[in-house]
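# Commentary on secondary and tertiary structure
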Amino acid sequence: MDELEEMRRQMATMKSQLDTQQIVNKRLMCKVMRNKASWMNILVNAELIAFPFLYLLIVGLCEVLGISQWYSFTFLVFGLADALLDIRTVRIPDSLFSSSSILSLRKFLIRQKKERFIQTLIMGVLCAAWLSMFLFAIGTSGNPLFLANGLWDAVKTGGLFGGIIGSVIAIIVVIMLYRKMQRTNDRIIADIDDLEKGE
């Protein structure tokens, strides 16, 4: 009988140690996952800080190039909508890693990937339309100051080439960031699946 009780005590101790080890493993995995996602949170914060300055740059370009401020207003509306959506579709709050269950985090990441895909498609189309109209406006209007001094051709050519080159670079960067975000979510989801299998 004493041997049976001893075996029970040992089994209870082993189970307690195993539970403690699983909790420690889960905490470590959450820390690793949080670190993997941290760059996305930094990106969203940087976007929110940079957006007002970018908006002022567009306002200044419209003024200098003699283009309607309608373009700066639509940039403000689309850009603000995109930045606010990024808080939902890109940012992963730290609280999710500590307070939520692992399965809730997994569902959040899957939903986030789907919403990010839809957001990228819609905003991509809107940005392409806005950019086309903006470049067309640069090519068809002029600031009287530049026209009077015969500088408009140089300004227009510089604006068009700068806009086209900048657009191509922006498209490449956006595609690279989008793919990296999706891969980050996939890696965290894979980590969660591995953690669930190990339990």
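For the structure given in this document, a descriptive report is provided here. (Residues numbered from 1 in each chain as written. Predicted model: local features only at pLDDT ≥ 70, side-chain atom pairs only at ≥ 80, totals over all residues. Heavy atoms only, no water.)

The next point concerns the packing of aromatic side chains. Enumeration over the complete set of coordinates arrives at five aromatic pairs. Taking 5.7 Å as the distance between ring centres and 15° as the angle between the ring planes, the aromatic pair formed by F51 and F75 counts as stacked. Pair noted here: F51 is in helix α1 (residues 2-65) and F75 is in helix α2 (residues 70-89), with a separation of 24 residues, a long-range link. Take F75: its relative accessible area is 16%, and that puts it in the buried class. Ring geometry for W70 versus Y71: centroids 5.1 Å apart, planes at 80°, classification edge-to-face. By relative accessible area, which is 43% here, W70 ends up partly exposed. By relative accessible area, Y71 is classed as buried at 14%. One aromatic cluster is present, formed by F51, W70, Y71, F75, W130 and F134 through successive ring pairs. The positively charged end of K180 is found above the aromatic ring belonging to W39, 4.5 Å away from the centroid. (Phe/Tyr/Trp six-rings, centres within 6.5 Å; stacked < 30°, edge-to-face > 60°. Helix = DSSP H or I, 4+ residues; strand = E, 2+ residues; numbered from the N terminus. Buried < 20%, exposed > 50% of the residue type's maximum accessible area, 1.4 Å probe, protein only. Lys NZ or Arg CZ within 6 Å of the ring centre and 35° of its normal.)

Within this structure, the stated rule accounts for five salt bridges. Between E115 and R111 there is a salt bridge, and its shortest N-O distance comes to 2.7 Å. You can see E115 and its partner R111 sitting in helix α4 (residues 102-140), four residues apart, about one turn around the helix. Judged by relative accessible area, R111 falls into the partly exposed class, the value being 26%. Linked through salt bridges whose partners overlap, the residues forming this network are R88, R111 and E115. (Salt bridge = Lys/Arg side-chain N within 4 Å of Asp/Glu carboxyl O.)

Geometry only, nothing functional implied.
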